[in-house]
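Residue-level structure breakdown
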Amino acid sequence: MRIGVAGVGRIGTMHATNLAALDRVDEVLLFDPVPGRASQASAELAGTKAVDDLGTLLDNVDGVLLATPTNTHPEMLRAAIAKGVPTLCEKPIASDVAEMAALIADVEKSGVEVLVGFQRRFDPAIYELNRRIRAGEVGDVYLVRAVGNDANPPDFSYLPASGGIFRDLLIHDLDCVPWLVGQPVVEVYASGSVLVHQAFADADDVDNAVVMLKFEGGAHATLAGGRHDPVGYDHRIEVLGSKDSLVAGVDPRTPLNSLEPGGHVAGPDAYPGFPERFHRAYVNEMNLFTQVIKGEVANPSPARESLISLRLAEACEQSRRSGAPVRIEGN
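This one's a predicted model, so the numbers in the text were calculated from it and none came from an experiment.

Under the UniProt annotation, "domain: GFO/IDH/MocA-like oxidoreductase" (unreviewed entry) lies at residues 128-246. Across residues 128-246, helical content stands at 26% and strand content at 36%; the span's end C-alpha atoms are separated by 10 Å.

Structure representation (structure tokens):
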């Protein structure tokens, strides 16, 4: 099997490395719009080969991964489905709801499998959490709590183009938590503050935020995200149900210090960032992508479902600015 990777920045290079390590992948073809970048990456990655343009890439692969900037995703994704090439596209597949809805219509009309790279869905512990909820082992879901904190703020030059904390940082939980609960969100309330650095205010953004989601069946979820955790990168999801209480994301590397005797204490190898925290998820994501290409498993992250998280992110921003809850219609 030959897989293409378009875009060999930090994320694309990581994906290419994980793909090349899979037994069923014979070769990984690399393309990047920046001249010379793919050749440089290929020289450093065994099992890869650089090509000069997207058309050549698509003509010679069984599947393609898109890790280029967001504004290039619609054009590249349409090129891939026109060639009938199964695609895994990094989130978001488009920058706004209207553009994304039109793109999803084209994807579904094509019949080509398109996965969206929300890595939480591929994390083994979170995947198992979803399985147990679907199997009824948790019972009725009462409450979900999700925490996601960066260890260090992103480069401030990135902030104006990031889309804001809800579209950038919290978008992953806005995808994952409704997927876990399995019910539509009917109301959103969000609040945020600038506590880390003035650069966030200058970008008309916040660096700490909380979100409350109310689901159709009455369950609630609270999401908290921040741009600085002095102990390390932290992501956890807790689910409280009528039969069980479960958590994904607590292990020896979790950056959390308990004051209870014998409680959890963060070690010297606390997670420094999301690539380390979600390493197993990213490896599993590439493996499942190859299985989807072969028709061995159902698409675990279809394009249609990515529209939900973007709508919720927009509702969060509206709520933050207005100070009022936002009702979600037809979600």
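Our next topic: the pairing of strand E2 (residues 27-31). Here E2 lies mainly inside the structure; four of its five residues are buried. The handedness of the strand E1 (residues 2-6) to E2 crossover, carried by helix H1 (residues 10-20), is right-handed. Of the strand pairs in this sheet, E2 and strand E3 (residues 48-50) are connected by three bridges, and their pairing is parallel. Residue pairing across strands places Leu30 opposite Ala50, the latter belonging to E3.

Let us look at the UniProt feature "domain: Gfo/Idh/MocA-like oxidoreductase N-terminal" (unreviewed entry) in the chain. Mapped onto this structure's residue numbering, the UniProt feature "domain: Gfo/Idh/MocA-like oxidoreductase N-terminal" (unreviewed entry) falls at residues 1-118. Split by type, residues 1-118 is 42% helix and 19% strand. Its first and last C-alpha atoms lie 23 Å apart.

On to the sheet that holds strand E6 (residues 114-116). Read from one edge to the other, the open sheet built from six strands follows the order E3-E2-E1-E4-E5-E6, with strand pairing classed as parallel. In the strand order of this sheet, the two ends are held by E3 and E6, each with one partner. Adjacent strand axes in the sheet meet at a mean angle of 20° when their direction is disregarded. Bridge count between strand E4 (residues 63-66) and strand E5 (residues 87-89): three bridges; the pairing is parallel. Within E5, the residue paired with Leu65 across the bridge is Leu88. Across the sheet, helix H4 (residues 73-82) is in contact with E1, E2, E4, E5 and E6; its angle to E4 comes to roughly 180°.

Structurally, the position occupied by Arg227 is in the loop between strand E10 (220-226) and strand E11 (234-241). Classification of Arg227 by relative accessible area gives buried; the value is 2%. For Arg227, the side chain forms a polar contact with the side chain of Asp168, separated by 2.8 Å. Not counting chain neighbours up to four residues away, the residues in contact with Arg227 comprise Asp150, Asn152, Pro153, Pro154, Ile165, Asp168, Leu169, Phe200 and Asp207.

In total, this model carries 24 salt bridges according to the counting rule given. Notably, a salt bridge pairs Arg321 with Asp204, separated by 2.8 Å at the nearest N-O pair. With Arg321 in helix H13 (residues 303-322) and Asp204 in the loop between helix H10 (198-202) and strand E9 (208-215), this residue pair connects regions lying 117 residues apart in the sequence. Exposure remark for Asp204: the relative accessible area of 47% places this residue in the partly exposed category.

This part covers the sheet that holds strand E12 (residues 245-248). The seven strands lie next to each other as E12-E11-E7-E10-E9-E8-E13, forming an open sheet whose pairing is mixed. Pairing within the sheet leaves two strands with one partner each, and these edge strands are E12 and strand E13 (326-327). As judged from the seven bridges shared by E9 and E10, these two strands associate in the antiparallel manner. Looking at E10, one finds that Val211 is bridged to Leu223. The strands touched by helix H6 (residues 124-134) are strand E7 (141-149), E11 and E12; relative to E11, the strand with the most contacts, the crossing angle is about 10°.

This brings us to the pairing of E10. Both E7 and E10 contribute to a ladder of seven bridges, which runs parallel. What sits directly across from Val144, in E10, is Ala221.

As a further point, take the layout of surface pockets. Its boundaries defined by the atoms lining it, the largest pocket holds a volume of some 1400 Å³. As for the largest pocket, its lining consists of 44 residues, and the residues nearest its centre are Ile11, Lys91, Tyr158, Asp168 and Phe274. When contributions to the lining of the largest pocket are tallied by element, the ones reaching two or more residues are H1, helix H7 (159-162), helix H8 (165-168) and helix H9 (171-181). Here the residues of the lining of the largest pocket sort into 20 nonpolar, 14 polar and 10 charged. Taken domain by domain, the makeup of the lining of the largest pocket includes at least three residues from each of domain 1 (2-112) and domain 2 (121-273 + 302-327).

The next thing to look at is the packing of H6 against H9. The geometry of H6 relative to H9 is characterised by a closest axis approach of 8 Å and an angle of 30° between their N-to-C directions. With respect to H9, the element H6 is oriented roughly parallel. On H9, the residues touching Ile126, Tyr127, Leu129, Asn130, Ile133 and Arg134 of H6 are Cys176, Trp179, Leu180 and Val181. Split by residue class, the contact of H6 with H9 holds eight nonpolar, one polar and one charged.

Reading the values: rules and limits
Residues numbered from 1 in each chain as written. Predicted model: local features only at pLDDT ≥ 70, side-chain atom pairs only at ≥ 80, totals over all residues. Heavy atoms only, no water. UniProt positions renumbered as here; feature names shortened; annotations may be inferred. Helix = DSSP H or I, 4+ residues; strand = E, 2+ residues; numbered from the N terminus. Buried < 20%, exposed > 50% of the residue type's maximum accessible area, 1.4 Å probe, protein only. Right-handed = clockwise from strand over helix to strand, strands pointing away. Pairing = 2+ DSSP bridges. Axes fitted to C-alpha atoms, helices over the stretch in contact; angles between N-to-C directions. Contact = heavy atoms within 4.5 Å. Polar contact = N/O pair within 3.5 Å; in protein donor to acceptor, adjacent residues only side chain to side chain. Salt bridge = Lys/Arg side-chain N within 4 Å of Asp/Glu carboxyl O. 1 Å grid on protein atoms, 1.4 Å probe; cavity = no way out; pocket = protein on both sides within 12 Å on 5 of 7 lines; lining within 4 Å. Points joined across faces, edges and corners; volume = space filled by probe spheres on them. Nonpolar A, V, L, I, M, F, W, Y, C, P; charged D, E, K, R; others polar. Domains from an automatic or database assignment. Parallel < 35°, antiparallel > 145°, perpendicular 65-115°, else oblique.

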